[in-house]
Structure formats: C-alpha cells, structure tokens
Amino acid sequence: MSNQSDQEFPGQGDQLGAPVAADSVPRVRGRRGRVLLPAAIAAVVAAGVVVVPALAASQDDLPSITAQQLLTKVLSSKVQTFSGSVTASVDLGLPAGVSGLLPSAAASAGADKAVQSQTAAAQQQLLALLAGGKRTFQVAVDGPDRQRVSSTDSGTAFTLVHNGSTAWAYEAQGNIATELTGISGGAGGTDSRLSNPQQVAAQALKALGPSTTVSVAGTSKVAGQSVYELSVKPKGSGSTVGEVRIAVDAANGMPLQVRVNPSDGSSSILNVSFAKVSFVTPAASTFAYTPPSGAKVIKQAAPAHSTPGAALPKDFGTKDAKGAKGSKSDIGSNERTIGTGWSTIYSFAPSATDSKGGSTASGISGLKALGKQVTGGTLISTKLVNVLITDNGTVYAGAVTPALLQQAAGK
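Okay, so let's go over this structure. (Residues numbered from 1 in each chain as written. Predicted model: local features only at pLDDT ≥ 70, side-chain atom pairs only at ≥ 80, totals over all residues. Heavy atoms only, no water.)

1. What to know about the packing of aromatic side chains
We count it as follows: Aromatic contacts are taken between Phe, Tyr and Trp rings whose centres are within 6.5 Å, Trp giving its six-membered ring; a plane angle under 30 degrees counts as stacked, one over 60 as edge-to-face, and the others as tilted. Secondary structure is summarised from DSSP: a helix means a run of H or I of at least four residues, a strand means a run of E of at least two, and numbering begins at the N terminus for each. When a residue's accessible area, from a 1.4 Å probe over protein chains only, is under 20% of the maximum for its type it is buried; when over 50% it is exposed; and in between it is partly exposed.
Going through the model one piece at a time under the given rule, you end up with three aromatic pairs. A ring pair is formed by F82 and F274, whose centres lie 6.0 Å apart and whose planes are at 80°; its orientation type is edge-to-face. With F82 in strand 4 (residues 81–90) and F274 in strand 14 (residues 270–278), the pair connects residues that are 192 residues apart, well separated along the chain. For the pair F82 and F274, one class covers both residues: buried.

2. Here we look at the pattern of salt bridges
Short version of the rule: We count a salt bridge whenever a side-chain nitrogen from Lys or Arg sits within 4 Å of a carboxyl oxygen from Asp or Glu.
A complete count under the given rule lists five salt bridges for this structure. Taking the shortest distance from any N to any O, the salt bridge between E179 and K299 comes out at 2.6 Å. One end of the pair, E179, is in strand 9 (residues 176–181); the other, K299, is in strand 15 (residues 296–301), with 120 residues separating them in the sequence. Overall, K299 belongs to the exposed group, its relative accessible area being 64%. A salt bridge links E229 to R245; its shortest N-O distance comes to 3.6 Å. Pair noted here: E229 is in strand 11 (residues 225–234) and R245 is in strand 12 (residues 241–249), with a separation of 16 residues, a long-range link. This pair shows no difference in class: E229 is buried, exactly as R245 is. A cluster of three or more residues bridged by salt bridges with shared partners is formed by E229, E243, R245 and R259.

3. Describing the side chain of N386
The test is simple: Polar contacts here mean pairs of N or O atoms no more than 3.5 Å apart (in protein, one a potential hydrogen donor and the other a potential acceptor; neighbouring residues in sequence count only if both atoms are side-chain atoms). Whether two residues are in contact is decided by their heavy atoms, any of which lying within 4.5 Å being enough.
Summarising the element assignment, N386 is placed in strand 20 (residues 386–390). One polar contact links the side chain of N386 to the main-chain carbonyl oxygen of V400, over a distance of 2.7 Å. If near-sequence neighbours (up to four positions away) are discounted, N386 is found in contact with T240, L379, I380, S381, Y396, A397, G398, V400, T401, P402 and L405.

The structure is reproduced here in structure tokens:
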C-alpha cells in the first residue's frame, strides 16, 4: 500500500496518517483516583486506521459503499426526530464486590438536594448497568429542545424529560422528582466542522495512525431497518477488544447499534441497540411530565443562560487528557503511558495521599483484595480492562491482555 498521509484521501485501500500522541486519550477522574477510559475504545477516534477496500454485501440489495462514504453518511445525517426502545447489555466480567469500590457521586460535600438526587439516580443506573445483564430504555427526541429517556426496569426505574425551558428527573426507587426551570434554548447552531461531511470524514481518517483496520463488513437489519455494518478492528495483538461493530441506517445515516466484541471470542462486552425505532415526529404530549402522586418534588432554577448540559464543567472530558504528560494528579507521581493506540498501558506509582487528603494506599489495597496473585504482583482482570499491581505498588492498567501488562512491568 502507498502512504497517502500528505495527500487527499482517495477513498479506499491506502494507509493513512501517523499515530496520535498518547496524551490525546481521554481519562476520567474518580474520588479514589483516576479511572481510565479504555484506550481501545478511545482508539476508535484517537488512534490509526487503514481503510480496506471491502464493500458492503448485497444481501439487502443496498448499494456498495466504502468506509469513507459510510462515515460521510453518518456525519451528513440530519435525523432530529425519532422514538423507540433501546436495549443495553453489558458484560464486563467485573470481579465480585467491585461496585463497592466505585466512588459515590452523591456524597460530594456541599451538594444541594437536587444535585444529590440526580447524581444518586445516575450512579444507580451506572452501577446497575456495570453489574451486567440487560436494561431497556424508551427514548423520544424532537430536535434539540425536546428529549425523553425512561426505563421501567425493576429497581432502577427512572424518567428524564427535557421540554423547552423545563427539565424533569424522576427516580422511582426514592420516589423523588427534580424540576429544573429556566433552561435556555437547545444546541444553538450547527457545528461548523460538519459543514463538509465528506471532507471531515477524510480528514478524520487521515488523522488516525496505522493501528486500526476499518471496513464495511456487510449489511443486516436492526429494528426492521436496513443497515450497513462498519467494522473497526485493532491491528496486531495485545488488545482485549477484538472489534467495534457499528450498524448505520442505510437510509438516513443514524447509528442504530454499537457492539464491542472482545478479542477472546466470548460474548459482547457492550451491545447497545434499538429494538424498535420510528422516525416520525413524536407527539408533543410525549414531552409533558407530571410527577407521580406522592412523589417528593424538588424545584431548582437553572443558572442564567444555561442549556440542558450547562451544569457540566467547562473542561469536562478534556481536563484529564492533559494530565497524561505528567501533570500532578490525585493518584500520585511518576505517571506514564506505554505504547499507543489500542495497546496503550497507563502506569503510575501512587502517593501516600490523594489531593483531597484521602489514602490512595487504602484504595489500592481494596483493589488488590479483588485480584489474584500472579508472578510479581496482583492481577485484577475483566473482559475489557486489566490492572496489574506489582509488589512494589506500581500500577499498570489498560484495555490489554494480562500478558502485555506483565511484559510492561518486566515480570
């Protein structure tokens, strides 16, 4: 294959670009330390790609399409109204007891009751999902100003509704409804980067390095819709991810299913899919909400000029990415990354205390209790992320195989 890193992307069959720096991989901070977003997932948008000339099969009589054309279709999608049901299945293979070590979002000092109720509900949903099994959600969207997501699953039922300047969050287990008023308008315009989707698709592929293969793996049906299957696979070995498969609606470019399959060939780590979908504009009554009788209602005014996501910090999702270059963090010193792309490993030597005065060592001890003894340390293993804590306390973690962690640690 010829290298086209300095030329316009031709459409298929060429190796593109160079690896993106490891500090572009996003990471998220938790109360007990830093929780690493799997490098393998981040690599879909921050590693490298070779677009192979595989075209969609014609089992549904859909036109053949290249990977770049399919990405362009997704970026060009103008779907703003839809409704249906979504199923989410997660199988991380977490060790028993790991949920007890996850930070409590609702325990923040000084948080008001509205924030506590919403964060507690969000944490409950997260823990239920991480625990495994299947969850079902009902969704409805009518542009940037009206959305509804709800679930009636036993023990985790909730409803989130945004309707113009008002939003509701209801958590059934506590029978608490929070009303947020004074929300400003929706998204506020189209992202200028999407003004030329074909160019954006080509630039996105060229910006990626040589660690990934992307192809159109064929066609299928999702929720009764004909879809193209976009396959994203790491090249080489060492990653716990074997493939990320995205099903894209052939008619309108909206992704209808995402599956993350492990490299060991076992069941999917993540499978989020529409079971039913309609692109008809939902009725206005869908977004009207009245709390159940007897529910405790908490009222809260939104900050001036806020949007539904205004409560998030301005640096949300970017702050920790800067830390990869060695900035000081909650987990201690001597942080470094080993490798790139799907096989990135994060290593750090914890300090005695974190930035809030808590004991990092006690958190590490709690993790070790969930693992098994291996040569030179303790291994905490899941289907996606593996963590090796060496006998001297150094931690190695990543969406990579245990063997790769031990190799990085010199064990």
